[in-house]
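# Architecture at a glance
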Amino acid sequence: MSETTLPETTPLKTGKVDAVIVGAGFAGMYMLHRLRGLGLAAVVFEQGTDVGGTWYWNRYPGARCDVESMQYSYSFSPELQQDWHWSERFSAQPEILRYAQHVADRLELRRDIRFETKVTRASFDEATNLWAVETDRGDQVTARYCIMATGCLSSARLPDIAGLDSFQGATYHTGHWPHEGVDLAGKRVAVIGTGSSAIQAIPVIARQAAHLTVFQRTPNFSIPSRNAPMDAEYEGWWKSDYEAHRAKARMMRTGILYGLNEKSALEVTPAERLAEYEARWAKGGTAFMAAFSDLITNREANDTAAEFVREKIRGLVKDPAVAEILAPQGYPIGTKRICVDTEYFETFNRANVTLVDVRDAPIEAITPTGVRTRHGETAVDAIVFATGFDAMTGALTRVDLRGRDGLGLAEKWAEGPRTYLGLMTAGFPNLFMITGPGSPSVLSNMIVSIEQHVDWLADCIAHLRARGLETIEATREAEEEWVAHVNEVADRTLYPAANSWYMGANIPGKPRVFMPYIGGVGAYREKCTEIAAQGYTGFRLKAGSQAAVAAE
Ligand code: N01
């Protein structure tokens, strides 16, 4: 269904539902489907005009998923996964959005989704054990459960650069790309940032623009995608036993089925090591980081992979000085999210592309006509901000969420997010997060993690209802322990060594805390299942009378 044929959104204004779901991306869509299956009345509020979440907003040129198409899709419906055909090894944004729209059509989800509606505030009423949810369209809805399906990378961020508003040309953010598309042909374009989004957009923009200037502060490691049309045999292999393959993927560290080499990078000969890296480089994709078991825990092992990629960059970029600026130094490979590209480094060989290193000479100002550093001004017609997101917490804390005693979530998380399993936070009964901080989320195949959380939540809600329980809430003790565990596991890795958005380091003033859980999707799943099987250990479950009826 195209956006133009969408039904008119009718605001609810007032009413009572069993559950409010915030966001109609893959998490919100599946949550709605599961809650309907339990017979609950649920409404989804979504800011956009259609479903798709990340894939609705991130329409920048070159946007593509770096998880293989056969794995980046729902697994809950055997019919759906058999019927759908992906055209490429790695799907581009328009195809993933079409898939989301297809699922919404197939499951008739849109009738319970209120589009173009932003949830502004939700507060817990201790007298009734209900959430009062308010939107920017004047809805005031009460709900037993409030489920935040707001995504981890959905709060786009513009840097605080002087003169931003003075620019007379066009400005764009990759995470809010205009739906009608942008014609950059013949234009002088600046791209600010060199993260995953920029690395995908730059080669495409370079082919359109008269001139492209890339402002790079931190170079990134990137692996070629080797994207190609879908191989029929490969698709057939997946579809011949999708259930079994999915079951294996769910227990992998990242929720992705790929060959993890159990050997240490330091236990093989240099020739064997090189051969492994070459094979993975030739195959393409993030599985490069699974070349050896210790790349993310041992700096010496990591250095071998980092140097391999730096050498590749030196080979791909003709100007040695430019190659050195593009070759990442000073942080371990993989500790900032590894990028996957199509001819990114080669793009810097083009005559119409200039790289500006702003590490030592930061962007001082945006002027009416361009971008200025202390080395001078670059005049441009358009600026593309590929400057990322207030990751993991931003989409949650920008809603005025109030728990017991009026406690605000933003206030509670002032020193960093605190959750139990990334699912709930103490003091906020019946407020659930899908792929929240403290869960594997962004370190995994998001759809695998989304399905795991949604299934766990649906089972939890069914458990509460079957027993006449009104609320579930994480205990402070369980939360303390989980936060300590998340940190302890992160500290066993090299991740904290990088100034990444995983650490909140891309936002001035944001606390430096490693936000996702790196213990692995499989181990995490087992933990969640065990906790539920034991009667929700670490949660306090209460009947309407407020009496505690289940173990902590
Ligand atoms: O954002 P980022 P993103 N002056 O935060 C730079 C997912 N994703 O949108 O590193 C100059 O990674 C900043 O520099 P620095 C994926 O998880 C997935 O690219 O802070 N530069 C950085 O280079 C990814 O990790 C896919 O020094 C400034 C860039 O802006 C996540 O989304 C595709 C600056 C921001 O990079 C976010 O990626 C796309 C300033 N003042 C995204 N401020 C796939 O599936 C910021 N920067 C493939």
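Scoring rules and cut-offs
Residues numbered from 1 in each chain as written. Predicted model: local features only at pLDDT ≥ 70, side-chain atom pairs only at ≥ 80, totals over all residues. Heavy atoms only, no water. 1 Å grid on protein atoms, 1.4 Å probe; cavity = no way out; pocket = protein on both sides within 12 Å on 5 of 7 lines; lining within 4 Å. Points joined across faces, edges and corners; volume = space filled by probe spheres on them. Helix = DSSP H or I, 4+ residues; strand = E, 2+ residues; numbered from the N terminus. Nonpolar A, V, L, I, M, F, W, Y, C, P; charged D, E, K, R; others polar. Domains from an automatic or database assignment. Axes fitted to C-alpha atoms, helices over the stretch in contact; angles between N-to-C directions. Parallel < 35°, antiparallel > 145°, perpendicular 65-115°, else oblique. Contact = heavy atoms within 4.5 Å. Buried < 20%, exposed > 50% of the residue type's maximum accessible area, 1.4 Å probe, protein only. Pairing = 2+ DSSP bridges. Near = heavy atom within 4 Å. Polar contact = N/O pair within 3.5 Å; in protein donor to acceptor, adjacent residues only side chain to side chain. Areas by Shrake-Rupley, 256 points an atom, 1.4 Å probe, with all protein chains shown as cover. Buried area = accessible area lost by both parts, 1.4 Å probe. Salt bridge = Lys/Arg side-chain N within 4 Å of Asp/Glu carboxyl O. Core = buried A, V, L, I, M, F, W, Y, C linked by side-chain atoms within 4.5 Å.

## Details of the layout of surface pockets
As a volume, the second largest pocket reaches approximately 400 Å³. Lining the second largest pocket are 24 residues, and of these E68, R89, Y234, K283 and G284 lie nearest its centre. With three residues, helix α8 (residues 270-283) is the single largest residue contributor to the lining of the second largest pocket. Residue composition of the lining of the second largest pocket, by class: 12 nonpolar, five polar and seven charged. Counting the residues that make up the lining of the second largest pocket, at least three belong to each of domain 1 (14-155 + 391-542) and domain 2 (164-385).

## Digging into the packing of helix α6 (residues 232-240) against helix α7 (residues 242-250)
Where α6 contacts α7, the axes come no closer than 5 Å and their chain directions differ by 85°. The orientation of α6 relative to α7 falls into the category roughly perpendicular. Across the interface between the two elements, W237, W238, K239 and S240 from α6 touch Y242, H245 and R246 from α7. Looking at the contact of α6 with α7 residue by residue, the class counts come to three nonpolar, two polar and two charged.

## Re the pairing of strand β19 (residues 469-474)
Of all six residues that make up β19, five are buried, and the element is covered over most of its length. Two strands pair when backbone bridges link them, and β19 and strand β20 (residues 539-543) are joined in this way by five bridges, in the antiparallel orientation. Paired with L469 across the strands is A543, a residue of β20.

## Observations regarding the site of the ligand
Close to the ligand lie 24 residues, the nearest being T194, S197, R217, T218 and W501. Between R217 and the ligand, the recorded distance is 2.8 Å, taken from a side-chain N or O atom to an oxygen atom. Notes on the ligand: free accessible area 930 Å², of which the protein chains cover 89%. The biggest single contributor to the shell around the ligand is helix α5 (residues 196-208), with three residues. Two domains each put at least three residues into the shell around the ligand: domain 1 (14-155 + 391-542) and domain 2 (164-385).

## Here we look at the domain arrangement of the protein
When its domains are assigned, the protein resolves into domain 1 (14-155 + 391-542) and domain 2 (164-385). Summarising the inter-unit geometry, the C-alpha centres of domain 1 and domain 2 are found 27 Å apart. In this complex, domain 1 contributes 48 residues to the contact, which on the side of domain 2 involves 51 residues. Surface buried jointly by domain 1 and domain 2 totals about 4,400 Å² across both partners, of which 52% is contributed by carbon and sulfur atoms. Three residues, M70, R89 and L494, lead the burial of domain 1 against domain 2; their summed loss comes to 18% of the area buried on that side. The interface formed by domain 1 and domain 2 includes one salt bridge.

## What to know about the nonpolar core
Of all hydrophobic cores here, the largest spans 139 residues; its most connected members are F26, I147 and F539. The leading source of residues in this core is helix α14 (residues 446-466), at 10 residues. A domain split of this core shows at least three residues from each of domain 1 (14-155 + 391-542) and domain 2 (164-385). Not counting residues within four places of it along the chain, the set of residues in contact with F26 comprises W55, Y72, Y74, I96, Y99, A100, I447 and I450. In terms of nonpolar packing, the next biggest core, distinct from the first, is built from 22 residues, F45, A143, W413 and M433 among them.

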